[in-house]
Amino acid sequence: MRDGNEAWSGREVRVKALVQTGFGGPEVVMLRDVPDPEPGPLDVVVRVRACALNRLDILQRRGPAILPGFALPHIAGMDVAGEVAATGDGVRSLATGDRVVLDPTLGCGTCADCAAGVPGHCGALRVVGGNVAGGFAEYVAVPHHLAHRVPEHVGLDDAAALPTAWSTAWHATRTVGEVGRDDVVLLQAAASAVSVAALQLARHAGARVVAVAGSDAKMAAAHDLGADLVLRNDDDVVAAVRRFTGGRGADVALDHVGAATWHTSMDALRTGGRLVTFGNTSGDEVTISLAGLYHRGLRLLGSGAYSERDFAAMLETYYGGGMRVLRTGEYGLDEMPAASALVESRETVGKVLVRP
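Quick caveat, the model's predicted, so the values are computed rather than measured. (Residues numbered from 1 in each chain as written. Predicted model: local features only at pLDDT ≥ 70, side-chain atom pairs only at ≥ 80, totals over all residues. Heavy atoms only, no water.)

S.K.: Sorry, what's going on with the pattern of salt bridges here?
M.R.: All told, the structure shown has 17 salt bridges when counted by the stated rule. With a shortest N-O distance of 3.0 Å, Lys16 and Asp33 are connected by a salt bridge. Taken together, the residues Lys16 in strand β1 (residues 14-20) and Asp33 in strand β2 (residues 29-35) connect sequence positions 17 residues apart. Residues Glu344 and Arg62 are paired through a salt bridge, measuring 2.7 Å at the closest nitrogen-oxygen approach. Residue Glu344 is located in helix α11 (residues 336-345), and its partner Arg62 is located in helix α1 (residues 55-62); the two are separated by 282 residues in the primary sequence. For Glu344, a relative accessible area of 30% gives the class partly exposed. If you follow the salt bridges from partner to partner, you end up with Asp157, Asp158, Arg327, Glu330 and Arg355 in one network. (Salt bridge = Lys/Arg side-chain N within 4 Å of Asp/Glu carboxyl O. Helix = DSSP H or I, 4+ residues; strand = E, 2+ residues; numbered from the N terminus. Buried < 20%, exposed > 50% of the residue type's maximum accessible area, 1.4 Å probe, protein only.)

Now the structure itself:
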């Protein structure tokens, strides 16, 4: 331990964590006492102040596991913000008390993908809260390079909503989709956490956004975030986009819904438009007209793992101001069944937060 960590070393304290012991409903996750995490030489221990729920948390609780290497018992929670409570002897970049948010993606550090700064493609991928212990606990230990400082003007509650949703949105919108000034972007599921981010990042890039949502509350949220046109799921979205663009069509469609919206997203594009797909919540199988694809010169772009560069650029942009996260509810560790039920209801706008 470095100086200032003596109080941590040898504490032999047991702390609270939500531990998943099987697959099924909320009953397989129990609040338990677990040993304090001990930092390795290049690790930090973070006192968790907020951790946001993700769909992956729900899916892996139901089973079967999605991420290779997942094992029970497991502590979920990928989106973590808090303060550094202890540092390993080799850590020089952070000190106890620093406010941080965690990038949950961790590779082996030596393969070609890790060397390229894309650990999400690593064959030995580890994800904080995905297949290693995460943030639904009072403390979590992680390699120090995953911890990024949070400036004082950004609340830790807000920071906890950023890692997965905002990095995924950045990669899809800015890196893969190359959304830029004067583009017209069609955005599906506009009130989901990743779309809340994508809408604002597209607007920040100078694009106009046509947002599609499923309820009055979700449509109102998209409008409040700056969408130029807001449509309901059962509207004639293709016709509305054509009218909005003077018959031309959208430059980019951002779609993480999958099967249910695939043809709408395709049909709403202009000649030469690009469809960025980064999810399949409504189903995995779609059909494509090859003639329509090549005659219209469309580009189909898969947006998978974000890079370390994406994560840093996303944080810098968010910290610069003018954007905000949305949250539907906040719960304690002992209220996880209610928090999970809210996420499963699909009535959320933005994130659901859990506080240890």
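S.K.: I would appreciate a short explanation of empty space enclosed by the protein in the present structure.
M.R.: Here the idea is plain: a probe the size of a water molecule rolls over the atoms and shows the empty space left. Applying the stated criterion across every chain, the model contains three cavities of 30 Å³ or more. In this model, the largest cavity occupies a volume close to 160 Å³. Lining of the largest cavity is provided by 15 residues; of these, Val29, Arg61, Ala76, Phe136 and Met336 occupy positions nearest its centre. The set of elements that each furnish at least two residues to the lining of the largest cavity consists of β1, α1 and α11. Its residues assigned to classes, the lining of the largest cavity shows 10 nonpolar, three polar and two charged. (1 Å grid on protein atoms, 1.4 Å probe; cavity = no way out; pocket = protein on both sides within 12 Å on 5 of 7 lines; lining within 4 Å. Points joined across faces, edges and corners; volume = space filled by probe spheres on them. Nonpolar A, V, L, I, M, F, W, Y, C, P; charged D, E, K, R; others polar.)

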